[in-house]
Amino acid sequence: MNPSHPSEVVGIHQKATLELANRAVESAYEYFREWGYTNPNDRVRKLLAAAHLLREHKFEFDAWLVYEAGKTWPEAEADVSEAIDFCEYYAREMLRFSGSQPTVQMPGERDEMQYLPLGVGIIIPPWNFPLAILVGMTTAALVTGNTVVIKPSSETPTVAAKFAELLLEAGFPDRSFSFLPGSGSAIGDSLVQHPKTRFIAFTGSRDVGLRINELAAKTQPGQKWIKRVIAEMGGKDAIIVDRDADLEKAVDGVVASAFGYQGQKCSACSRAIVDEHVYDDFLDRVKKKTEKLTVGPSEDPANYMGPVISDIARRTILQYIGVGSKEGKPVTGGGAASGDGYFIKPTVIADVKSDARIFQEEIFGPVLAVTKAKDFEHALELANDSQYGLTGAVFSNNAEHIREARQRFFVGNLYLNRKCTGAMVGAHPFGGFNMSGTDSKAGGPDYLLLFLQAKSIAERVA
Ligand code: NAP
């Protein structure tokens, strides 16, 4: 459905049964014997062809994201661009990992180390980057020689189906992957638990990620390996605004990070932690800037914010706004916005204490909690007071504070004097600490290794 106009149907999909889910894993297992031995250069060429096709169909994919995921055009464009970057980057990374790796040569031996694929992977993406994250996890697995079962998010299966079509067009054999739409709660457990599943690449909420991790750790009858879990999960990301920060830049950074794509990014700023010397001025400026943001159907370029993804999401976020309004002082927003879509006003709540629910829990909507800090040390303490550790930012002109933040702000992706969203493939390898995940660093030089295993071969030659 189109979350801007819920009566509009975007795609009609099937729901896989348990029987189909099992069959998908079995079939991937069968074909792995072939696909796992294909020439890596051929797989690289196919991936580059996929990048080329994505570029060719960029506006169509933009449109699917606008109509199915409620992204505005600039947000959709960023999602598709990131998907293209993942393809280009992982293709070149595969060239680095194919062939023999450098080893010390023992006298009288020929010593080598090669990377091999793992086997059958289950790919489970979220709806908020329904193209980029799906493409990143899927192509990393395929180009390294694994076969996969792709279980798209139930909110955004159409974008995923279009990418599955594109993979075929790019030359990936139909048996190298299965496209398996279905409910995560109905088929997820059996995909994860299947004894022939070798790894799971998941991006989504903390609770589902932890469940997958737990189920995957339990060995099933007939299982011959320890399953690998690559899980990237939620965030409760903070931006620290220091007393000598450039306040206008800080306000721009906080507002863009908090309300871009309606705050539905794992990297979104949901906590602004502001030095008491500039607190009132900051709040005043954030209020003014936030009140200028336009909310409405995402296909209309006049709107900065579109809808949240679903009615359930809207209800959950409104509940949090209710809770937050008692925990702190509402500054602006605070409810649904007009229209038949799932619109919510960008909401700012000030004077939030660190034990408040809206300070600790991921809301995943356009809600910003603002908290006062006594000084930079206190701000850092507050920022780290979280079970998550995904992104964070600091606005400061104090070199000593920046140095402290580099060392002690405990997040996987730290940004200095810029917003905390908008990671670029290659430049900002992405992944979180603590309950934010396994720190897999998507779009970085370590990522493909998660889909490979190394074999060392020593041959006596003299
Ligand atoms: P979600 O509810 O956890 O769902 C993610 C995926 O898991 C969906 O495909 C879902 O399928 C599937 N799923 C649900 N239950 C399952 C089960 N028991 N076994 C296997 N799979 C199951 O998360 P979401 O609402 O789609 O996404 C938002 C969350 O993702 C937020 O917490 C956000 O912070 C996080 N996120 C993290 C990153 C990162 O890089 N760290 C990036 C983006 C998003 P159904 O749709 O069918 O339920």
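Notes on the structure in this doc start here. These numbers were taken from a predicted model, which means no experiment stands behind them. (Residues numbered from 1 in each chain as written. Predicted model: local features only at pLDDT ≥ 70, side-chain atom pairs only at ≥ 80, totals over all residues. Heavy atoms only, no water.)

1. Here we look at the site of the ligand
Rules: One heavy atom within 4 Å of a molecule or strand makes the whole residue count as near it. The term polar contact refers here to a pair of N or O atoms within 3.5 Å; inside protein, the definition further demands a hydrogen-donor-capable atom paired with an acceptor-capable atom, and it admits residues adjacent in sequence only when both atoms are side-chain atoms. Working definition of accessibility: Shrake-Rupley area with a 1.4 Å probe, residue cover restricted to the visible protein chains. Only runs of H or I of at least four residues qualify as helices and only runs of E of at least two qualify as strands under DSSP, and these elements are numbered from the N terminus. In this classification, the charged set is Asp, Glu, Lys and Arg, the nonpolar set is Ala, Val, Leu, Ile, Met, Phe, Trp, Tyr, Cys and Pro, and all remaining amino acids, among them Gly, are polar.
Neighbouring the ligand are 32 residues; Ser154, Gly184, Ser205, Met233 and Glu362 lie closest to it. In the model, an oxygen atom of the ligand is placed 2.8 Å from a nitrogen or oxygen of the Gly184 main chain. When the ligand sits alone it has 910 Å² of accessible area, and the protein chains cover 87% of it. Those elements that place two or more of their residues in the shell around the ligand are helix 7 (184–193), strand 5 (197–203) and helix 8 (206–217). For the shell around the ligand, the per-class residue count stands at 14 nonpolar, 13 polar and five charged.

2. Examining the packing of aromatic side chains
The relative placement of two aromatic rings is captured by the distance of their centres and the angle of their planes. Rule in force here: Aromatic contacts are taken between Phe, Tyr and Trp rings whose centres are within 6.5 Å, Trp giving its six-membered ring; a plane angle under 30 degrees counts as stacked, one over 60 as edge-to-face, and the others as tilted. By definition, being over a ring means that NZ of Lys or CZ of Arg is both within 6 Å of the ring centre and within 35 degrees of the ring normal.
Scanning the entire structure with this criterion turns up 11 aromatic pairs. Sitting above the plane of the Phe129 ring, Lys71 keeps its charged end 3.8 Å from the centroid. Its guanidinium or amino end placed over the ring of Tyr261, Lys71 lies 4.5 Å from that ring's centre, counting from NZ or CZ.

3. Considerations on the nonpolar core
The test is simple: By nonpolar core we mean a set of buried residues, namely Ala, Val, Leu, Ile, Met, Phe, Trp, Tyr and Cys, connected to one another through side-chain atoms within 4.5 Å. Buried means the residue's accessible area, taken with a 1.4 Å probe over protein chains only, is under 20% of the maximum for its type, while exposed means over 50%, and partly exposed covers the values in between. Note on definitions: a residue-residue contact is assigned when non-hydrogen atoms from the two residues lie within 4.5 Å.
One finds Leu47, Leu54, Tyr90, Leu131, Phe163, Phe172 and Phe451 to be the most contacted residues of the largest nonpolar core, which totals 54 residues. Looking at this core, the elements with two or more residues in it are helix 1 (18–35), helix 2 (40–56), helix 3 (58–69), helix 4 (73–97), helix 5 (132–143), strand 3 (147–150), helix 6 (157–169) and strand 5. With 11 residues, the single largest contributor to this core is helix 4. What Phe163 contacts, discounting residues up to four positions off in sequence, is Leu54, Phe61, Leu131, Leu134, Val135 and Thr139.

4. So, the sheet that holds strand 10 (residues 347–350)
Formally: Think of it this way: DSSP has to see at least two bridges between two strands before they count as a pair. Lines are fitted to the C-alpha atoms to define the axes, a helix being fitted only along its stretch in contact, and any angle between axes, read from their N-to-C directions, falls within 0 to 180 degrees.
Strands sit in the order 9-10-11-8-7-13-14 across an open sheet of seven strands; the sheet is mixed. The two strands at the open ends of the sheet, each matched to only one other strand, are strand 9 (329–332) and strand 14 (413–416). For this sheet the average axis-to-axis angle between neighbouring strands, irrespective of direction, equals 20°. In the sheet, strand 10 pairs with strand 11 (residues 367–373) via three bridges, with the strands oriented parallel. When the bridges of strand 11 are listed, Val348 appears paired with Leu368.

5. Considering the environment of His5
Tracing the backbone shows His5 in the segment before helix 1. Residue class for His5 comes out buried when judged on its relative accessible area of 18%. A C-alpha to C-alpha distance of 17 Å links His5 and Asp62, two positions 57 residues apart in sequence. At 2.8 Å, the side chain of His5 and the side chain of Glu299 are in polar contact.

6. Let's talk about unusual backbone geometry
Even without a glycine there, the phi angle at Gln262 is positive, about 60°. Mapped onto the elements, Gln262 comes out in the loop between helix 9 (247–259) and strand 8 (269–275). Phi at Asn434 takes a positive value of approximately 50°, unusual for a residue other than glycine. Locating Asn434 in the fold gives a position in strand 15 (residues 433–434).

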